[in-house]
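# Structure at a glance
Take a look at the letters that make up each chain.
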Amino acid sequence: MTIPPFYITTPIYYVNDVPHLGHAYTTIAADALARFHRMHGDDTWFLTGTDEHGQKIDQAAAKRGVSPKQLADEVVVRFQETWKRLDVANDDFIRTTDQRHKDVVTEMWKRIEGAGDIYEGSYAGWYCIPCEVFYPETQLEDGKGDEKCCPIHKSPVTWVEEPSYFFAMSKYQERLLQHIADHPDFIQPENYRNEVVAFVKSGLRDLSVSRTTFKWGIPVPGHPEHVIYVWIDALTNYISALGLPGSERYERFWPATCHLIGKDILRFHAVYWPCMLMSAGLPLPKTIFAHGWWTVRGEKISKSLPATRVDPVQLADDVGADALRYFLLREVPLGNDGDFSYEALLGRFNAELANDLGNLINRCLTLTGKSADGKVPEPQAQPAGDAHEQLAACARKVAVEARAAYESYAPSRALESIWALVREANTYVNTTQPWKLAKQPDAAAELAYVLRAALEAIAWVARMVWPVMPEKATAILAQVGAGDAAPTWPEPDSWSRDLPAGAAVARPDPLFPRIDADGAKTLLAKWIPADATTDAEAKPQAEAKPAGPTITFDEFKKLELRVAQVLSAEPVPKTKKLLRLQVDVGEEQPRQVVAGIAEAYEPAALVGKKVILVANLAPATIRGVESRGMILAAGDKQILGLSGLDNDVPAGTIVR
Ligand code: MSP
């Protein structure tokens, strides 16, 4: 049996900047995908690295008064340390100043030249140094006076005239179009494929591939007065890290399974690189996956805006690397753009990690401690009753769905699906009420089944989130008695028979301690620079409504307000605004309440929250669903926030 290879790469990052949120995003996503394939036994190789040549680096070094190599040596450590801190397990790290890289770039040039695709000419045009790209005049923007500016950086471009070697890229136009048409997975997501096809169809021009105006690069073989254009140099890293064709690693891993990149560098990867490979007679990568672009609190990440300089290491120190990894991969689908806010990070931390998952684990550990001597119960036949079947069916479905999602580069969909199991497991514990079963002598087998099923659900969740949260998942598995063996993907057939019977489960020890209002305030003050208000935040204040007629205290006393904890939440079908909630108000049975908050809250974010309920409101049927009470929320037409409590008050407590 041959083991399928999985070779995934990130872009190599320029060393004129230190790692920020954008770099962390690509690298974390690639790491999660690599881990997913590794846990499936695929022959996995994950490469990242740094791009150290070119005028941009040369100039940044000159500004600092150091040599470009000194600058690179300094900054590369920042990247390597950041990846370590974020639990990124790359198999190799390539630097374009490595000798192994220079050798392969030289060989690549010779192959392209040998194919008759390099010719000498001269180049004149508007050049943007930060982009390392020539722009046609039509794309430039007007600056001060006669200045022409880069459409991306808005800084002045320079008119450059120099002798240059050219790569006959236009020759490959039709072959490239054919390849894209024959391989629907080649450029993903689909919208980016369409963009590339339109660009190629508009006519490929030959590419200027050498420079004489600076020296910081790899010399053109036989013409040392030219250095090789940075993009040929940089793109070749994906092969130079493996070795030349014929070497063991090249034969094992090339062509790459996936070049994961940001959408900013799609054209280089989906057009220049394939044409170069065709010319060099080498196979093309299977997939180029372009992910979207993060803004920070509404602004583009930029050196000149301190508010956008989100430091991934700082966040990892404060909320944990796993929570950051979870947030970035859950918040937006991989191909989409996203806006980062610290508040959203804290929101997901509390709602999904501390409440949904953390509470589930702690409840189950406590119950097992109290009612099963702290040990995983023996497997039992599944008792009669919908709840047991519902959990089993959900677990099996999620194991299939989440796997398919990771396989198709959709970690956010995988996590969404896994959280359906987390919620189902919470509902299961609420419905089966093991604390009551523990008091019924004839319910021992059912109690054992329930505790075991709940622990298994947690173990399955941990195994499926391991690619995204390796450290916490490993800790969860140890807590529920699964041991410390490398996690494997759950197999639907083994549901409820996975955990070793008799294994000790841990005492509750929260892995995601809730960040309370004061904690959040402290963190936000630390993360957000004092002068960091962005335009996007200058929102108008809600207008205070004029006071209405007053009521007497006796009238107020008629209201019965109670603390209610949300146990489950789901949309009311065929409505946009309504959610059906089951809430615990300290009564025998949970209550069902319909709330018009679906546009402001994801159902998942509500589970575990404590809100204030008008408990004596006459029952009503809303869109066919019975509602017994109303939860209080701020906002009139638009919901701005839910009523909450600043202390952990038990459900059912009267509010005055
Ligand atoms: N050196 C080139 C890449 C050569 S690859 C053969 C380069 N380097 S870079 O340092 O500018 O990194 C660009 C990459 O960083 C993007 O493609 C993306 O992976 C990541 N990101 C940088 N900023 C980003 C955002 N704001 N949002 C998401 N990812 C971003 O280009």
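Residues numbered from 1 in each chain as written. Predicted model: local features only at pLDDT ≥ 70, side-chain atom pairs only at ≥ 80, totals over all residues. Heavy atoms only, no water.

## Notes on the pattern of salt bridges
The test is simple: Here, a salt bridge means any Lys or Arg side-chain nitrogen found within 4 Å of an Asp or Glu carboxyl oxygen. Helix numbers and strand numbers start at the N terminus; a helix is a DSSP run of H or I with at least 4 residues, a strand a run of E with at least 2.
Within the structure shown, the criterion is met by 31 salt bridges. Put simply, Lys69 and Asp73 hold a salt bridge, and the shortest N to O gap is 2.9 Å. With Lys69 and Asp73 both in helix α3 (residues 68-85) and 4 residues apart, the pair spans about one turn of that helix. What emerges from the salt-bridge pattern is a single network uniting Asp31, Arg35, Asp87 and Arg325.

## Observations concerning the sheet that holds strand β16 (residues 294-296)
Which entries qualify depends on this criterion: The pairing criterion for strands is at least two bridges between them, as found by DSSP.
Read across the open sheet, the 3 strands follow the order β17-β16-β18; overall the sheet is mixed. Among the strands making up the open sheet, the edge pair consists of β17 (299-300) and β18 (338-340).

## Structural notes on the environment of Lys609
Keep this limit in mind: Here, residues are in contact when the closest pair of their heavy atoms is within 4.5 Å.
For Lys609, the position within the fold is in the loop between α21 (603-606) and β22 (610-614). Residues Lys609 and Ser170 lie 439 residues apart in sequence; the distance between their C-alpha atoms is 60 Å. Those residues within four positions of Lys609 in sequence are excluded, and the remaining contacts are Asn355, Ala564, Gln565, Val566, Tyr601 and Leu642.

## A closer look at the pairing of strand β21 (residues 591-595)
Put simply, the rule reads: Exposure categories follow from relative accessible area, calculated using a 1.4 Å probe and restricted to protein chains: below 20% of the type maximum is buried, above 50% is exposed, and the middle band is partly exposed.
The element β21 is extensively covered by neighbouring structure, given that 5 of its 5 residues are classed as buried. Here β21 shows no split at all, with Arg591, Val593 and Ala595 on one side and Gln592 and Val594 on the other all buried. Pairing of strand β20 (residues 579-584) with β21, which is carried by 5 bridges, proceeds in the antiparallel orientation. By the bridge assignment for β21, Leu579 is matched with Ala595.

## Description of the layout of surface pockets
The test is simple: The distinction between a cavity and a pocket rests on a 1 Å grid over the protein atoms alone: a 1.4 Å probe fits inside a cavity but cannot get out, while a pocket stays open yet meets protein on both sides within 12 Å along at least five of seven lines, and a residue with an atom within 4 Å of a point counts as lining. Grid points are joined across faces, edges and corners, and a volume is the space filled by probe spheres set on the points. Each residue is assigned to one class: nonpolar for Ala, Val, Leu, Ile, Met, Phe, Trp, Tyr, Cys and Pro, charged for Asp, Glu, Lys and Arg, and polar for all the others, Gly among them. Residue ranges for the domains originate in an automatic or database domain assignment.
The computed volume of the second largest pocket comes to approximately 1400 Å³. As for the second largest pocket, its lining consists of 43 residues, and the residues nearest its centre are Gly347, Asn350, Ala351, Arg514 and Lys609. Ranked by residue count, the leading element in the lining of the second largest pocket is helix α13 (residues 342-371), at 13 residues. Residues that form the lining of the second largest pocket fall into these classes: 19 nonpolar, 12 polar and 12 charged. Shared between two domains, the lining of the second largest pocket takes at least three residues from each, and those domains are domain 2 (339-494) and domain 3 (553-655).

## Some thoughts on helix α1 (residues 21-39)
Note the threshold: In this analysis, the expected span of each helix is defined as 1.5 Å times one less than the number of residues it contains.
Taking 1.5 Å as the rise per residue, α1 with 19 residues should run 27 Å; its terminal C-alpha atoms sit 26 Å apart, in good agreement. In terms of burial, α1 is a largely internal element, 18 of the 19 residues being buried. A positive phi of about 85° marks Gly41, the residue just after α1.

## Observations regarding the packing of aromatic side chains
Formally: Side-chain rings of Phe, Tyr and Trp, where Trp is taken by its six-membered ring, are said to pair if the distance between their centres is within 6.5 Å; with planes under 30 degrees apart they count as stacked, over 60 as edge-to-face, and otherwise as tilted. We count a charge as sitting over a ring when the NZ of a lysine or the CZ of an arginine lies within 6 Å of the ring centre and within 35 degrees of the ring normal.
If you walk through the whole model with that rule in mind, you get 29 aromatic pairs. One aromatic cluster is present, formed by Tyr7, Trp45, Tyr238, Phe253, Trp254 and Trp273 through successive ring pairs. Here the guanidinium or amino end of Arg267 rests over the ring plane of Phe199, the centre of that ring lying 3.7 Å away. In this structure, Lys472 packs its charged tip against the face of Phe512, placed 5.6 Å from the ring centre.

## Some details on the domain arrangement of the chain
Split by domain assignment, the chain resolves into domain 1 (5-292), domain 2 (339-494) and domain 3 (553-655). Just the C-alpha atoms count here: the centres of domain 1 and domain 3 sit 53 Å apart.

## Some details on the site of the ligand
Selection rule: One heavy atom suffices: a residue is near a molecule or strand as soon as one of its heavy atoms comes within 4 Å of it. By the criterion applied in these results, polar contacts are pairs of N or O atoms within 3.5 Å in which, for protein atoms, one can donate a hydrogen and the other can accept it, and in which residues neighboring in sequence qualify only through two side-chain atoms. The protein chains shown are the only cover counted for residues, whose accessible areas, like all others here, come from Shrake-Rupley with a 1.4 Å probe.
Around the ligand, 23 residues are found, and the nearest of them are Ile12, Thr26, Asp51, Asp264 and Trp294. Here a nitrogen atom of the ligand and a backbone polar atom of Gly22 are 3.5 Å apart. Burial of the ligand by the surrounding chains reaches 94%, relative to a free accessible area of 670 Å². Within the residue set of the shell around the ligand, elements represented by two or more residues are β1 (5-14), α1, α7 (230-235) and α8 (237-240). Tallying contributions element by element places β1 first for the shell around the ligand, with 4 residues. Grouping the constituent residues of the shell around the ligand by class yields 12 nonpolar, 9 polar and 2 charged.

## Let's talk about the packing of helix α14 (residues 386-407) against helix α17 (residues 444-465)
The test is simple: Geometry is summarised by axes, namely lines fitted to C-alpha atoms with helices restricted to the contacting stretch, and by angles between N-to-C directions that run from 0 to 180 degrees. To sort the angles, those under 35 degrees are grouped as roughly parallel, those over 145 as roughly antiparallel, those from 65 to 115 as roughly perpendicular, and the leftovers as oblique.
At a closest axis distance of 11 Å, the pairing of α14 and α17 adopts a crossing angle of 10°. What the angle tells us is that α14 and α17 run roughly parallel. Taking contact as the criterion, the partners of His388, Leu391, Ala395, Arg396, Val398, Ala399, Ala402 and Tyr406 in α14 are, on α17, Glu446, Tyr449, Val450, Ala453, Ala457, Trp460, Met464 and Val465.

## With respect to the sheet that holds strand β5 (residues 133-135)
A sheet is described by the order of its strands in space; here 4 strands give the open sequence β5-β4-β8-β10, paired in antiparallel fashion. Pairing within the sheet leaves two strands with one partner each, and these edge strands are β5 and β10 (207-208). As paired strands, strand β8 (residues 158-167) and β10 are joined by 2 bridges and run antiparallel to one another. The partner of Phe166 across the bridge, within β10, is Ser208.

## Topic: the pairing of β1
Across a regular strand the side chains alternate sides, sitting on one face of the sheet and then on the other. Selection criterion: Crossover handedness is defined here as right-handed if the route from the first strand over the helix to the second strand goes clockwise, with the strands pointing away from the viewer.
Counted residue by residue, β1 has 8 buried out of 10 residues, so it is predominantly covered. Pairing analysis gives 8 bridges linking β1 to strand β2 (residues 43-51), with the strands arranged parallel. In the sheet register, Thr9 faces β2, and the bridge partner there is Leu47. You can see the chain leave β1, run along α1 and come back into β2, and the turn it takes is right-handed.

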